[in-house]
Structures are given as structure tokens and as C-alpha cells.
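# Descriptive analysis of the structure
Each chain, letter by letter, is given below.
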Amino acid sequence: MQTADLYALLAGGLAGCLGALVGIGGGVLLVPILNSVMGLPFTEAKAVSLVAVLATSSSAGLSNRRLLNARLAVLLLFFSVSGSTLGAGLLMRFSESTYQLVFGLTAAVIAAVMFVRLNKRNVLPADADPGMLGGQFHDDDTGRDVVYRVTRVPLAAAVSFAAGVLTSFIGIGGGILIVPLLNSLCGVPLRVAAATSVLMIGVTAVPSLAAHWAHGFLGDFHVAGMTAVGVLMGFQVGRGISPRTQVRSLKLIMAGILVVVAVRYLGWR
Amino acid sequence: MAMTPNDQPARARFRDLIGRAMFRAVVIGLSSGIALRVLGQPVWSARILSWTLVLLVLFPVVNVSSVLFDEVRRKDWGFAVIAATVLGLLAYGLISRLP
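Here's what I pulled together on the structure shown here. All figures in this text were calculated on a predicted structure; none of them were measured in a lab. Here, residues in each chain are numbered from 1, in the same order as that chain's written sequence. Key to labels: chains lettered from A, ligands numbered from 1, both in the order written. The predicted nature of this model means local features are confined to residues of pLDDT at least 70 and side-chain atom pairs, given and counted, to a pLDDT of 80 or more, with totals for whole chains, interfaces and linings taken over all residues. Only hydrogens and water are removed before side-chain values are computed, so all heavy atoms of the structure are retained for them.

### Observations concerning the overall build of chain B
Labels follow the DSSP assignment, with helices taken as runs of H or I lasting at least four residues and strands as runs of E lasting at least two, numbered in each case from the N terminus. Helix and strand counts for chain B come out as three helices and zero strands. Shown N-terminal to C-terminal, the secondary structure of chain B runs as helices and strands in the order α-α-α. Only heavy atoms enter the contact rule, under which two residues are in contact if any of them lie within 4.5 Å. For chain B, contacts bridging at least 24 residues in sequence account for 51% of all contacts bridging at least 6.

### Let's talk about the interface of chain B and chain A
One widely used convention gives an interface's size as the accessible area the parts lose upon coming together. Across the contact, 38 residues belong to chain B and 42 residues belong to chain A. Summed over both partners, the accessible area lost on bringing two parts together, with a 1.4 Å probe, is the buried area. In total, about 3600 Å² of surface goes out of reach between chain B and chain A, with carbon and sulfur atoms giving 78% of it. Looking only at chain B, the three residues that lose the most surface to chain A are Leu53(B), Phe79(B) and Arg97(B), adding up to 18% of its buried area. Under this definition, polar contacts are N or O atom pairs within 3.5 Å; protein pairs additionally need one hydrogen-donor-capable and one acceptor-capable atom, and for neighbouring residues in sequence, both atoms have to be side-chain atoms. The interface formed by chain B and chain A includes two residue pairs in polar contact (both at pLDDT 80 or more). Broken down by secondary-structure element, the contributors of at least two residues to the side of chain B that touches chain A are α1 (9-38), α2 (42-73) and α3 (77-95) of chain B. Element by element, the count of residues in the side of chain B that touches chain A is highest for α2(B), at 13 residues. Ten residue types, Ala, Val, Leu, Ile, Met, Phe, Trp, Tyr, Cys and Pro, are classed as nonpolar, four, Asp, Glu, Lys and Arg, as charged, and the remainder, Gly among them, as polar. Classifying every residue of the side of chain B that touches chain A by side-chain character gives 25 nonpolar, six polar and seven charged.

### Comments concerning the environment of Ser49(A)
Positionally, Ser49(A) belongs in helix α3 (residues 42-61). Here the alpha-carbon distance between Ser49(A) and Leu209(A), two residues 160 residues apart in the chain, equals 9.3 Å.

### Examining a nonpolar patch on the surface
Exposure above 30% relative accessible area and the absence of a salt bridge qualify a residue for a patch, where like charges join within 9 Å and nonpolar side chains (Val, Leu, Ile, Met, Phe, Trp, Tyr) within 5 Å. Every accessible area reported is derived by Shrake-Rupley at a probe size of 1.4 Å, with residue values counting cover from the shown protein chains alone. In what follows, salt bridge is the name for a side-chain nitrogen of Lys or Arg lying within 4 Å of a carboxyl oxygen of Asp or Glu. Judged by side-chain polarity, Phe115(A), Leu252(A), Val259(A) and Val263(A) come together as a nonpolar surface patch covering roughly 330 Å² of accessible area. Top element by residues in the nonpolar patch is helix α10 (residues 247-267) of chain A. It accounts for three residues.

### Here we look at the pattern of salt bridges
Residues and elements named next belong to chain B. Scanning the entire structure with this criterion turns up three salt bridges over all chains. Note that Glu71 and Arg74 form a salt bridge whose closest N and O atoms lie 3.1 Å from each other. To sort residues, take the accessible area from a 1.4 Å probe on protein chains only and compare it with the maximum for the residue type: under 20% means buried, over 50% means exposed, and anything in between is partly exposed. Note on Arg74: relative accessible area 29%, which makes it partly exposed.

### Overview of the side chain of Thr196(A)
All names here are of chain A. Structurally, Thr196 is set in helix α8 (residues 190-214). A relative accessible area of 0% means that Thr196 is categorised as buried. Among the polar contacts listed, one links the side chain of Thr196 to the backbone nitrogen of Asn69, at a separation of 3.2 Å. At a separation of 2.8 Å, a polar atom in the side chain of Thr196 contacts the main-chain carbonyl oxygen of Val192. Discounting residues that sit within four places of it in the chain, Thr196 has contacts with Leu68, Asn69 and Ala73.

### Describing helix α2 (residues 27-37) of chain A
Residues three or four positions apart in an α-helix share a direction because the helix packs 3.6 residues into each turn. Residues and elements named next belong to chain A. Within α2, eight of the eleven residues are buried, which leaves it mostly tucked inside the rest of the structure. For α2, every residue scored as buried is listed here: Gly27, Val28, Leu29, Leu30, Val31, Pro32, Leu34 and Asn35. Taken from the residues just after α2, Gly39 is the one with a positive phi, measuring 75 degrees.

Structure follows, in C-alpha cells:
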């Protein structure tokens, strides 16, 4: 096995672990690793990242059913897939530096929101009405049944659309936008937000990956294959750690990742 | 596979079966593709990895189809139309990129 293969495997493992823990595809870390560390062209790094996003989403589809809010997911998917389809059509239109600036700023804002709302739990009394899009689940942290209601749906729809466009433009799954949004601004508990997001990112990645594939950005599939194997292994590790990880710790991990991403993309300029 | 709170155990098991079968096929495909590459068969490796990628792309399509099936079964036509539209968008995204 070559050094590049090892990097791809490790980067994929990191992405898969993050996917199991916080419901993101790991593209925000994969793209810089594949591009800067492994020296892949940015376009190929994006395409490989999208394969990793699909692998994370597929792994999660087997394990997150109890927490998944399928109705909320399908509603937001209408917007994110529309955004992804539009973004795929405009793939070559803008410069990469523009995308990096927008993403860095967005990551910084979301990180700030998550730090400010670190202790917010988004749960209602057990007899509360969850509404059409809300739901309930058993929270392993507290040992109680939890009810939640989804608020600010138009905002969630707008951000899902933006996440879809970003999926095509910079090769991320969009979970890094969707999870903090659902959790911090829409009243969805973090574990539900993560489970819902991880389904969404896989679906949203499809039009974008098809476009990257059609443009020949996937190369000979070898790096994509190694990364996907890493994702599958990393996901199992993340799933093993997840039950012992507190919600507050998950939020801290995620906010920390966002800060690193913001510094990376803004510092690049 | 996506699952709603009203899933019947038999249907849940069926989805579970399909999901696990697809997942195993992906694992086998990825492993075989990489093994062939290591063994000096890059053409066959690329061929198998590309088909595995097709299978990975099918995962989300099956997930959304599953939600659509649930909503139709519950006669919740609003969500059924949304799920069908998402499937249509996915089909457009895939078919429009075929060579």
C-alpha cells in the first residue's frame, strides 16, 4: 500500500467517524486533506469527498432509524436536492476562491451560534404536541422519552437549498450546515438532527456526484475507493464511541470543527 | 433504509434485509476493486469500483423510495408528492448526466 492510499484510508476513516458522531459527511475535512496533503486537484478532491459522503450516508442508513425524522428529511430534501441540481448545472461558472470565502464565513457564523447555544436541549414535556414535523424518541443521556417540535421551517428550507448548492460547488455533504441549523435554530435535538442530516446528505450528493463523474473528476476510482473503505471502517468506530458521548461534547466537537474549517478557508485568502 | 414510527415489524425487517444486502455488496465491491488494483489489474479494478459507485448512488434513491412508499400507504398525499418530486429530481440529475 502506498502512502497516498494510507492518507486516503485515514481521511476516509476520520470522515466516517465524524459521520457517526455528529451526522456530517466529513467533506469539510476531506477536501482540504485530499487537496492540500495528498496533492489531488481540487476538482478531484471534491468528487472523492462526495463519494465519502455517500458512503457515510449509506452506513448510517443501517443504524440511525430510531432517531431519523423521515418526514422532515424528505421535506428539506426537496430544497437541498433542488439546490444540488442547480449547483451541478453551474459547476464551472464561479472561481474556487469565491466558494472558499462564502464557506469560511458560513462556518464561522454557525460555530458562533453553536458555542452560544451549547446547553440548549430543545426538548418539550413528554405530553407536548410535536406537531406535523416533530417527533419523540428515547434519550439515552437522560433515560427519558423526549418530545420535540420543529420550528422555523422556512429558514430550514432556505439553508437546505444553500447546503445543496454548496454540495455541488465545494464537495461537502451539507451536514455541517444542516445539523447546527436544525439543532440550534429549529428546535430539533442534536441526535435527531444528526440522524436526519446523514440521510439528507447522501441524497443531496447524488446530482452533484453525477455531474462530477460526468466531467471525469473521479479519475480511476482508486482514491475514491480507498476513501470509501476508510469511511466504512471509521463509521463503525464512531458508532462504537457515540453512545458514551454526551450531547454537549458532540456540540463542542462540532463547533471546534467549524472553527478549524473557518480558519482554514478564511486564512487561505 | 429510512423508517417511520408506524413501520410494521415485517416491513421493517424487509427493509433491513435490502439495506444490509446492498451494504454488503458495496463492501465486497470496494474490497475487490482495491484488491485487483493491488494485484496489478487496474482496468478490472476501475470497472468494479465504478459499478460499486453506482450501487452507492442507489442507496439514497432507495431511501427516498421507501419514504414515498410509507406516505402513500398512509395516504398522506402532501408528503407523498414531495417525496415523488425529490425522486424526480434525482432521476433528472442522473439521467441528464448519462453519456
